[in-house]
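# Coordinate analysis (summary)
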Amino acid sequence: MLVSSSTASGSRSRIKLGMWLLLAPLCLWLLLLIILPHIELLSFSLSDPDEGGLTLSFYGEFFNEPLYWRTFLRTAIMSILATALTLVIAFPVAFFIAKMIKGRSKGILFAMCLIPFWVSELVRTFGWMILLRESGVISSGLQWLGLADSGVELLYTDATIMLGLVYSAMLFMVVPLVSTLDSLDDSYIEAGYDLGGNNWNIMREIIIPHATPGIVSGCIIVFMLSLGNYLTPVLLGGKDSLWFTEQIYTQFITRFNWEQGSAFGILLLLLSSLIVWLGLKVTGQSFTKTMG
Amino acid sequence: MIPSIKQTSFFYRIYHSYLVLFFLFLAAPLVVVAAFAFNDSLFPSFPWEGFTLSWFFSETGEKIGIFFDSELLESIALSSAIAIVTTLCATLVACTNAFLFERYSFPGKSFLYVLMLLPLVIPGVLLGVSILVFSSSVANYFEDYWFIDLEFLRPGLTLVVIGQFAFITTICTLIISARLRKFDLSLEEAALNLGATPIMAVFTVTLPYLKPALIGAAIVSFLMSFENFNTTFMLVGSDAPLTVAMYERLREGSTPVLNAISVLLMLGSAVLAIINMSMQKKA
């Protein structure tokens, strides 16, 4: 704390003043841009536009219309699957960067993981479209090799959406994994082998427990990014991608049914909070530690 | 599994091929986007019709290069303006947040810290629609009761800036706090002993120390704003920033002019990334 040579009470009141001055922008930001908008979203979802007063009809609509709740469930399940896949794919890479190489090459490999994510998500998705579409690079390659007679459409399937989700979230798994694995002392692993452990034992009893904070924060971020993704399902999944953020967009912008859209928004928020809470609970991590 | 513990050569061969595949997977979409910017064809796909720069520099004809495509150029200018304003606001507020969280203790601090982190886990689309709903309600209230038309609260550029600011500030706060935490307070005390006022001490000692983090935060926020789609898409009015304009072109059916602009974006990001990395290295 800043302590000046003036009298103690004077400096204390100055500290108080400074604190209030710093507190003001924070509170305005959080109140006006985060808290009140979400309260308004909630109140919109519960209000009856015709008669006034409260109604649960927009939530009822969600449960009555199979398209809505199926899309919701599908989005949740595919996001969980994408998170698991990203973890499985990223772990060996993060382990290699953190534990198996040192010095310059380590920095270069790590930077190579970061670079694609400095480029806009739109550009990356566009790249996958060029690769995968019927007239695309992979399809042409297959024809050139004689493995296909005509163009192969690889876009617009669930597998394509999954690929896009895993790709766009990869960085957010690799970075926390590398930083937790980096902090694991090699001598623990060596001790494990000295005591007669095999690769599997060491992985399960030393490496994974140590990496748990990184795994949890990676999984939370990847899950949220997948759940909230809009570009990947729409562009790689096409018309039948059935992603919940798309439903929200449709209700708000296309149908101008803000009440229904707000109800969907609140449901998505509930789902994401629930899954994040469960993830933290099961692994015994705290939100502040994991995110900050 | 670590260098001091040897595995079979079979294990290493599998492991290394896996890594090669992984990095190919990372690079593939970017490489094809860049490559087809130079294909002399109307579509970004095979066959390869020869090398051309017309998707950058052609003034007329069916191939209008990016430097002469007024619609895309305008959207770039718009995105830059949005990004600059967002960056200035976000970095400034993030700086005050960092001082608050690192220097003061007060009741409810940890609660506020959790609130401050929340924008990280709110999907961008939701952040967009909640701000849309709230700002429209406020605007309607002013219109109905006070007959004041608050145009800036309707979908449009101001709202885009507000929406992006809402989550970018969190990221900037984390970047600046991380460096402020490492600051040696005795340096500030020395300045005070030498007769500086607390404000002078902060401006002459602490802020210069924070400079790499401030520049890093500014670069990250500029890029995040420039490249943001989800929140922006929910809040745009009639003027389309670059990502929205590109998205609409992409849905209509793309020409390699989109590849050309992607190449420019990659170059821009690369320059900013290099500046950022060298700043962090020096720090």
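Residues numbered from 1 in each chain as written. Chains lettered and ligands numbered in written order. Predicted model: local features only at pLDDT ≥ 70, side-chain atom pairs only at ≥ 80, totals over all residues. Heavy atoms only, no water.

Residue and element names in this part refer to chain A. Of all 11 residues in helix α11 (residues 244-254), 8 are buried, a share of seventy percent or more. Looking only at α11, the buried set comprises Phe 244, Thr 245, Glu 246, Gln 247, Ile 248, Tyr 249, Gln 251 and Phe 252. Looking one or two residues past α11, Phe 256 carries a phi angle of roughly 55°, positive in sign. (Buried < 20%, exposed > 50% of the residue type's maximum accessible area, 1.4 Å probe, protein only. Helix = DSSP H or I, 4+ residues; strand = E, 2+ residues; numbered from the N terminus.)

The next thing to look at is the domain arrangement of chain A. Often, the extent of an interface is quoted as the loss of accessible area on bringing the components together. Residues and elements named next belong to chain A. Each assigned domain of chain A is listed here: domain 1 (1-46) and domain 2 (63-291). Once you take the C-alpha centre of each, domain 1 and domain 2 turn out to be 36 Å apart. Listed per partner, the contact involves 5 residues of domain 1 and 8 residues of domain 2. Of the roughly 540 Å² buried between domain 1 and domain 2 on both sides combined, carbon and sulfur atoms contribute 82%. Considering only the surface of domain 1 that becomes buried against domain 2, Leu 41, Phe 44 and Ser 45 emerge as the three largest contributors, covering 78% of it. Put simply, domain 1 and domain 2 have 0 salt bridges between them. One can count 0 residue pairs in polar contact (both at pLDDT 80 or more) joining domain 1 with domain 2. When the residues that make up the side of domain 1 that touches domain 2 are grouped by side-chain class, the tally is 3 nonpolar, 2 polar and no charged. (Domains from an automatic or database assignment. Contact = heavy atoms within 4.5 Å. Buried area = accessible area lost by both parts, 1.4 Å probe. Salt bridge = Lys/Arg side-chain N within 4 Å of Asp/Glu carboxyl O. Polar contact = N/O pair within 3.5 Å; in protein donor to acceptor, adjacent residues only side chain to side chain. Nonpolar A, V, L, I, M, F, W, Y, C, P; charged D, E, K, R; others polar.)

Moving on to the UniProt feature "domain: ABC transmembrane type-1" (unreviewed entry) in chain A. When the UniProt feature table is mapped onto this chain, "domain: ABC transmembrane type-1" (unreviewed entry) is found at residues 72-279 of chain A. End-to-end, the C-alpha atoms of residues 72-279 of chain A are 19 Å apart, and along that stretch the chain is 79% helix and 0% strand. (UniProt positions renumbered as here; feature names shortened; annotations may be inferred.)

Of the residues lining the interface, 89 residues belong to chain A; the matching set on chain B comes to 90 residues. Summing the contributions of chain A and of chain B, the shared interface buries around 8,100 Å²; its carbon and sulfur component is 82%. For the pair chain A and chain B, the number of links is 0 salt bridges. On inspection of chain A and its partner chain B, the count reaches 9 residue pairs in polar contact (both at pLDDT 80 or more). With 20 residues, helix α1 (residues 8-46) of chain A is the single largest residue contributor to the side of chain A that touches chain B. Of the residues contributing to the side of chain A that touches chain B, the split by class is 67 nonpolar, 15 polar and 7 charged.

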